[in-house]
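Chain residues, written in single-letter form:
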Amino acid sequence: METALVLSTIALVLALLVQFPRRDNRGDVSFRLVEIERRQRLIMDHLGIVDRGPTLPGVREHLARGDKIKAIKAYREATGTDLRTAKEAVEAIAAGR
């Protein structure tokens, strides 16, 4: 009886292990995405294309007036991002990055 219980437990564990993927593909996808972005940057640099980023209504105007808080608010309304991301993006825009 105990042998049957042990064998059925081992069979169950092996069946569960087969259900799980053998490796994580997220690392491969991340590497491929980084590589695609790198190649895209090389092509754009070679062609002399400058990416000014998305045109966000009001953000640059508020920054030109020195109103960073309103620029962040306009960025959040245009993109739907959280406060921290919007603040970092607006600071990057202000720095010319």
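In this text, all values refer to a predicted model and were calculated from it rather than measured experimentally. (Residues numbered from 1 in each chain as written. Predicted model: local features only at pLDDT ≥ 70, side-chain atom pairs only at ≥ 80, totals over all residues. Heavy atoms only, no water.)

1. Examining the pattern of salt bridges
The criterion, for reference: The salt bridge criterion pairs a side-chain nitrogen of Lys or Arg with a carboxyl oxygen of Asp or Glu, the two atoms within 4 Å. Going along the chain from the N terminus, every DSSP run of H or I of four or more residues is numbered as a helix, and every run of E of two or more is numbered as a strand. Remark: exposure states derive from per-residue accessible area (1.4 Å probe, protein chains only) relative to the maximum for the residue type, with buried under 20%, exposed over 50%, and partly exposed in between.
Per the stated rule, a full pass over the model turns up 6 salt bridges. The shortest N-O distance in the salt bridge between Glu91 and Lys87 comes to 2.7 Å. Here Glu91 and its partner Lys87 are both found in helix α5 (residues 83-95), 4 residues apart, which amounts to about one turn of the helix. The partly exposed category is assigned to Glu91, whose relative accessible area is 27%.

2. A word on the confidence of the model for the protein chain
What counts here: Confidence of the predictor in every single residue is expressed as pLDDT, which spans 0 to 100.
Of all residues in the protein chain, 87% have pLDDT values of 70 or greater, and the mean over the chain is 82. Element-level mean pLDDT values for the protein chain span from 76 in helix α1 (residues 2-19) up to 92 in helix α4 (residues 68-79).

3. Structural notes on a nonpolar patch on the surface
Quick note on the threshold: Patch membership is restricted to residues that have no salt bridge and whose relative accessible area is over 30%. Joining uses 9 Å for like charges and 5 Å for the nonpolar side chains Val, Leu, Ile, Met, Phe, Trp and Tyr. Each accessible area is a Shrake-Rupley result for a 1.4 Å probe, and residues are judged covered by the shown protein chains and nothing else.
Where nonpolar side chains cluster on the molecular surface, the patch consists of Val6, Leu7, Ile10, Val13, Leu14 and Leu17 and spans about 560 Å² of accessible area. Mapped onto the elements of the fold, Leu14 is located in helix α1. Judged by relative accessible area, Leu14 falls into the partly exposed class, the value being 49%.

4. Re the packing of α4 against α5
Here is the rule we go by: In this description, a line fitted to the C-alpha atoms serves as the axis of each element, helices being fitted only across the stretch in contact, and the angle between N-to-C directions of two axes falls anywhere from 0 to 180 degrees. Roughly parallel here means an angle under 35 degrees, roughly antiparallel means over 145, roughly perpendicular means 65 to 115, and every remaining angle is called oblique. Left-handed describes a crossing whose near helix is turned anticlockwise from the far helix by less than a right angle; the clockwise case is right-handed. Between two residues, a contact is recorded if the distance between any of their heavy atoms is within 4.5 Å. Ten residue types, Ala, Val, Leu, Ile, Met, Phe, Trp, Tyr, Cys and Pro, are classed as nonpolar, four, Asp, Glu, Lys and Arg, as charged, and the remainder, Gly among them, as polar.
Put simply, α4 and α5 touch, their axes get as near as 9 Å, and they point 120° apart. Considering their axes alone, α4 and α5 lie oblique with respect to each other. The chirality of how α4 crosses α5 is right-handed. In this structure, α4 uses Lys68, Ala71, Ile72, Tyr75 and Arg76 to contact α5, whose residues at the interface are Leu83, Ala86, Lys87, Ala89, Val90, Glu91 and Ile93. Tallied by class, the residues present in the contact of α4 with α5 amount to 8 nonpolar, no polar and 4 charged.

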